[in-house]
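So you can see what is in the structure, the chains are spelled out below.
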Amino acid sequence: MTGLEHESFPPPGIDLSRPSVARVYDYYLGGTANWEIDRQFAERMLRDYPTVRPIAQANRRFLHRAVRHLVRAGIRQIVDLGSGVPTMGHAHEIAEQIAPGKVNVAYVDCEPVAVAHSTSLLREQGDPARHVALHADLRDPPRLWSLLAGSGVVDLDQPIALLLISVLHFGLPPAPGSGGGEDLGSSVVAAYRDLLVPGSYLALSHVTDEGVPAHCEQLLADAKERYAEAGADLVYRSRAEITGLFGDFALLEPGVTWTPLWHPEEAGPHERPLLLGAASESLLLAGVAHKERHI
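Residues numbered from 1 in each chain as written. Predicted model: local features only at pLDDT ≥ 70, side-chain atom pairs only at ≥ 80, totals over all residues. Heavy atoms only, no water.

### Here's the deal with the overall build of the protein
Step number 1: Of the regular secondary structure elements, the protein holds nine helices and eight strands.
Step number 2: Here the protein holds 295 residues, and the buried ones make up 54% of them.
Step number 3: Long-range pairs, those at least 24 residues apart, make up 77% of the contacts in the protein with a sequence separation of at least 6.
Step number 4: Carbon and sulfur atoms make up 52% of the accessible area of the protein, which totals about 12900 Å². (Helix = DSSP H or I, 4+ residues; strand = E, 2+ residues; numbered from the N terminus. Buried < 20%, exposed > 50% of the residue type's maximum accessible area, 1.4 Å probe, protein only. Contact = heavy atoms within 4.5 Å. Areas by Shrake-Rupley, 256 points an atom, 1.4 Å probe, with all protein chains shown as cover.)

The following block contains the structure:
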């Protein structure tokens, strides 16, 4: 556990009566920040749908490629919302490969275990002047932005790469009784777009049920049912809806695409091939967009 065995886990107040989205995802990626309740849920999914693991890996690799691309483009601040637990390469580790000692990173999650593990990782391998883990709910942009402002790590007046990787399809559905009109996820992302200064970037990935292979449709249906039973509602959006989350930001090439297809040239040197028959089997669409400066 890389020194985490000395910590008091689970942190006080953690509910281990039901699986956690963040901890299940950690298990898919081969991490150790999970408990038996999470492993049982994940193993049932993997038993019935073995492609869940390469789907998760494809999503994490998109994060890696996006970070490499944006750091090479000059970004020196990254805010990872819904960052999860430190598994399979965190954003600051990837940034260090490209610009050692130059990139500040803030991790934000509402899962206490994710924050506790991230804090421990950063204490061992990070730089407290440049790296921080914060406990906050992304559905409250003003409070979250205030925490970032007081962190001493992020300068909100300078460009930021804001990451929303595989988080918006959990618990951010259209408001009840809205008839599908008001999309909470869309309004939350719009608030963050407004908060970002020009020169910033927004990177996100999101599960879709549009354009996926027919043999993946049962996986999507079962995943929605199983996650709902575990207390986490899954929301699938169309390509148009996911593209709309970027608002008037300028999408970088190749636009919104399947996670394995976004700038594959940014892959790490030791990455093994993904065990997916087609890019659309990744089930997640992804993109990166730029908040351009007005002249």
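### With respect to unusual backbone geometry
Step number 1: With omega at 5°, the peptide bond leading from Glu-253 into Pro-254 counts as cis.
Step number 2: Along the polypeptide, Pro-254 turns up in the loop between β6 (250-251) and β7 (257-258).
Step number 3: Even without a glycine there, the phi angle at Ser-166 is positive, about 55°.
Step number 4: Summarising the element assignment, Ser-166 is placed in the loop between β4 (161-165) and α7 (184-195).
Step number 5: Despite not being glycine, His-263 has its phi angle at roughly 40°, a positive value.
Step number 6: For His-263, the location among the structural elements is in the loop between β7 and β8 (284-290).
Step number 7: A residue is classified by how much of its surface remains accessible, and His-263, at 15% relative accessible area, is buried.

### What about helix α1 (residues 21-28)?
Step number 1: Among the eight residues that make up α1, seven are buried, leaving the element largely enclosed by the rest of the structure.
Step number 2: Next to the buried residues of α1 lie α2 (36-48), α3 (52-72), α5 (112-125) and α8 (217-229).
Step number 3: The backbone nitrogen of Ala-22 lies 3.3 Å from a side-chain oxygen of the residue at the head of α1, namely Ser-20.
Step number 4: Residue Gly-30 follows α1 closely and has a positive phi angle near 90°. (Polar contact = N/O pair within 3.5 Å; in protein donor to acceptor, adjacent residues only side chain to side chain.)

### Here's the deal with the environment of Pro-254
Step number 1: Here Pro-254 falls in the partly exposed class, since its relative accessible area comes to 40%.
Step number 2: It is 9.1 Å that separates the C-alpha atoms of Pro-254 and Val-288, two residues lying 34 residues apart in sequence.
Step number 3: Excluding residues that lie within four positions of it along the chain, Pro-254 makes contacts with Leu-261, Trp-262 and His-263.

### Some remarks on the confidence of the model for the protein
Step number 1: Mean pLDDT for the protein: 89, with 89% of residues reaching 70 or above.
Step number 2: Here residues 1-8 scores under 50 on pLDDT; set against residues more than four positions off or in separate chains, the count is 12 contacts.
Step number 3: Here residues 173-182 scores under 50 on pLDDT; set against residues more than four positions off or in separate chains, the count is eight contacts. (pLDDT = per-residue confidence, 0-100.)

### Re α8
Step number 1: The terminal C-alpha atoms of α8, which comprises 13 residues, lie 19 Å apart, in line with the 18 Å expected from a rise of 1.5 Å per residue.
Step number 2: On its buried face, α8 sits against α1, α2, α3 and β5 (201-207).
Step number 3: Remark: Gly-231 follows α8 within two positions and exhibits a positive phi of approximately 95°. (Expected span 1.5 Å × (residues − 1).)

### Thoughts on the pattern of salt bridges
Step number 1: Tallying each qualifying case throughout the model produces 10 salt bridges.
Step number 2: Glu-36 is paired through a salt bridge with Arg-39; the nearest N and O atoms lie 3.5 Å apart. Of this pair, Glu-36 and Arg-39 both sit in helix α2, separated by three residues, roughly a single helical turn.
Step number 3: Looking at Arg-39, the relative accessible area reads 28%, which means it is partly exposed.
Step number 4: Among the ionic contacts, a cluster of salt bridges with common partners joins Arg-47, Asp-48, Asp-222 and Arg-226. (Salt bridge = Lys/Arg side-chain N within 4 Å of Asp/Glu carboxyl O.)

### Let's talk about the nonpolar core
Step number 1: Counting residues in hydrophobic clusters, the biggest one holds 61 residues, and the most contacted among them are Tyr-28, Val-79, Leu-81, Leu-144, Trp-145, Leu-148 and Leu-164.
Step number 2: Once you skip the residues sitting within four places of it in the chain, Leu-148 turns out to touch Val-79, Ala-106, Val-108, Leu-134, Val-154 and Leu-156.
Step number 3: Among the nonpolar cores identified, the runner-up in size contains 27 residues, and Phe-62, Ile-75, Ile-165 and Leu-252 belong to it. (Core = buried A, V, L, I, M, F, W, Y, C linked by side-chain atoms within 4.5 Å.)

### As for the pairing of β8
Each regular strand shows side chains that alternate between the opposite faces of the sheet.
Step number 1: Burial analysis of β8 places seven of its seven residues in the buried class, which makes it a mostly covered element.
Step number 2: Covered by surrounding structure in β8 are Leu-284, Ala-286, Val-288 and His-290 together with Leu-285, Gly-287 and Ala-289, the residues of both alternating faces.
Step number 3: In the sheet, β5 pairs with β8 via seven bridges, with the strands oriented antiparallel. Within β8, the residue paired with Ser-205 across the bridge is Ala-286.
Step number 4: By the bridge criterion, two bridges tie β6 to β8 in an arrangement that is antiparallel. Paired with Ala-250 across the bridge in β8 is His-290.
Step number 5: Here two bridges tie β7 to β8, and the two strands are oriented antiparallel to one another. When the sheet's bridge partners are listed, Thr-257 is paired in β8 with Ala-286. (Pairing = 2+ DSSP bridges.)

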